[in-house]
Every structure is written in structure tokens, then in C-alpha cells.
Amino acid sequence: MIITPKLLIDVGCSSTRAAMYSLHIAEGCQAYEVNTPARLAMALAQIGHESGSFRYVTEIWGPTPVQRRYEGRKDLGNTQPGDGSKYRGHGLIQITGRANHRATTQRMRAKFGDAVPDFEQNPLELTALRWAALSAFCYWDWKKLNRFADAGDFEGCTLAINGGLNGFPDRKARWEKAKLALQLPV
């Protein structure tokens, strides 16, 4: 499949962001088998929501009550003082927690080699265009989200990414736009 800036614009991305990300998103789709219109539509909808239409590659920090709870969360690997903020969501799908930054480094190095930065040591490297995009598709593969796309299970996919249905109406609206842009039944 060809990922064009126009496709990204059609699903809610600005023309500037679409031009910046289209090649990296295409690379991620190829590397992680997001290779059918159904998979691409679901991925673009979810990633589009998580990143605020491809605008945010760092979680906006309040900190909110939920974000305050990142600190000291062993399930996220946040074991050092300050880890909560340091390992807030990064990349287009918002990789969160020291352990997930480490795992993303390992998984992406297995796919792309040693050119991949150490995201645990340098979490802001996940904000660079290529790594922000590729980490989203690495996460997609890691969590086996193609299975939800193949089954048309948008709610299941949202739960797998978010742990709840946060932003579900926006995610769903983006999915409908993506299906329309990819000429899938709506």
C-alpha cells in the first residue's frame, strides 16, 4: 500500500504533519505488516487519536492525577524518583514508562539494528520523526493489534491500547474517516 500525505490529511492530519510523517508511516507499515486497508484504517485512527492528529510526540504534562500515579509504578518500570515524568508518553502512540521505553529499544533494534537509539537512556529520542512513527508500529506489532483490525474489533483494539475506552468517540470518528479514505465499507 502506498501511504501518501493526502491519505494522512484525509484522516485528520495537517498538510505539514502529513508531509513530515508519510514516509516514516509507510516504513512502519511495511516493517510491521500493517499491510491491508483494514489494518491501516484502524492503525491510523488509533495513532491519530493518541497523537492528537500527529501533533504530539510527548504526552502533555499537567501533571494530572493519572499522570502523578506514573511515579513509582513498578508495572511501568518506574522505579527511580522522577521516572513518572521522564518516561511519560513519547512517540505517536505515547510509549509510557521506563520498562516500555526499554522494551521499545530492544524490539526496534531487533528489527532495524543498532542505529536505533536507546530510548531508556534518552527518552526524548522517541520524539524524532522516524522513531516517533516507527515506535507506534512497533507497539502495534508488540501488542498484536492486527488481529483486532482483521476482525473489525475497534473496541477491542481501543481497550488493548488504552486499557479503557478513553476518547472512544474521537477514535471511532477517525476510523470512519480512514475507512472512507481507503474505500472500505463504512
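Cut-offs applied
Residues numbered from 1 in each chain as written. Predicted model: local features only at pLDDT ≥ 70, side-chain atom pairs only at ≥ 80, totals over all residues. Heavy atoms only, no water. Helix = DSSP H or I, 4+ residues; strand = E, 2+ residues; numbered from the N terminus. Rg over C-alpha atoms; globule rule 2.2 N^0.38 Å. Buried < 20%, exposed > 50% of the residue type's maximum accessible area, 1.4 Å probe, protein only. Contact = heavy atoms within 4.5 Å. Lys, Arg positive; Asp, Glu negative; His and termini not counted. Charge placed at Lys NZ, Arg CZ, Asp CG, Glu CD. Core = buried A, V, L, I, M, F, W, Y, C linked by side-chain atoms within 4.5 Å. Expected span 1.5 Å × (residues − 1). Axes fitted to C-alpha atoms, helices over the stretch in contact; angles between N-to-C directions. Parallel < 35°, antiparallel > 145°, perpendicular 65-115°, else oblique. Left-handed = near helix turned anticlockwise from the far one by under 90°. Phe/Tyr/Trp six-rings, centres within 6.5 Å; stacked < 30°, edge-to-face > 60°.

## Examining the overall build of the protein
Each helix and strand counted, the protein has 10 helices and 0 strands in total. Reading the helices (α) and strands (β) of the protein from amino to carboxyl end gives α-α-α-α-α-α-α-α-α-α. Taken over the C-alpha trace, the protein has a radius of gyration of 16 Å; the compact-globule value for 186 residues is 16 Å, and the two agree within 12%. Dimensions of the protein, computed from C-alpha atoms along their principal axes, come out at roughly 50 × 35 × 30 Å. Considering the protein as a whole, with its 186 residues, one finds that 49% of them fall into the buried category. The contacts of the protein with a sequence gap of at least 6 include a subset with a gap of at least 24, amounting to 58%. In the protein, which carries 24 positive and 18 negative side-chain charges, the distance between the mean positions of the two groups comes to 2 Å.

## Concerning the nonpolar core
For soluble globular proteins, the rule of thumb is that nonpolar side chains tend to be buried together. Counting residues in each nonpolar core, the largest one holds 49 residues, and the members touching the most others are Leu-8, Tyr-21, Ile-25, Phe-54, Leu-92 and Phe-137. Elements supplying a minimum of two residues to this core: α1 (5-10), α2 (15-31), α3 (37-50), α6 (98-112), α7 (129-142), α8 (146-151), α9 (154-162) and α10 (168-181). Per-element accounting of this core gives the leading share, 10 residues, to α7.

## Concerning α7
For α7, spanning 14 residues, the distance from its first C-alpha to its last is 20 Å, which sits close to the expected 20 Å at 1.5 Å a residue. Most of α7 sits out of view: 11 of its 14 residues are buried. Of all the positions in α7, only Trp-131, Ala-132, Ala-133, Leu-134, Ser-135, Ala-136, Phe-137, Cys-138, Tyr-139, Trp-140 and Trp-142 are classed as buried. Looking at the buried side of α7, the elements it contacts are α2, α3, α6, α8 and α9.

## Notes on the packing of α3 against α9
Running from N to C, α3 and α9 cross one another at 40 degrees; their axes reach a closest spacing of 11 Å. Compared by their axis directions, α3 and α9 come out oblique. Handedness of the crossing formed by α3 with α9: right-handed. Counting all contacts with α3, which are made through Met-42, Ala-45, Gln-46 and Glu-50, the residues of α9 involved are Phe-154, Cys-157, Thr-158, Ile-161 and Asn-162.

## So, α6
Its 15 residues place the ends of α6 21 Å apart at the C-alpha level, agreeing with the 21 Å of an ideal helix rising 1.5 Å per residue. The set of residues buried in α6 consists of Arg-98, His-101, Ala-103, Thr-104, Thr-105 and Met-108. Each element contacted by the buried residues of α6 is listed here: α5 (83-86) and α7. Looking at the residues trailing α6, positive phi occurs at Gly-113, about 85 degrees.

## Observations concerning the packing of aromatic side chains
The full count for this structure, using the stated rule, is 7 aromatic pairs. Ring geometry for Tyr-21 against Phe-54: centres 6.2 Å apart, planes inclined by 45 degrees, an arrangement best described as tilted. Taken together, the residues span a long stretch of sequence, with Tyr-21 in helix α2 and Phe-54 in the loop between α3 and α4 (65-68) at a distance of 33 residues. There is no split in this pair, since Tyr-21 and Phe-54 are both buried. Taking 6.0 Å as the distance between ring centres and 75 degrees as the angle between the ring planes, the aromatic pair formed by Tyr-139 and Trp-142 counts as edge-to-face. A residue pair is termed a helical-turn pair when its members lie 3 or 4 positions apart in one helix, as Tyr-139 and Trp-142 do in helix α7 at 3 residues. As far as burial versus exposure is concerned, Tyr-139 and Trp-142 are alike and both buried.

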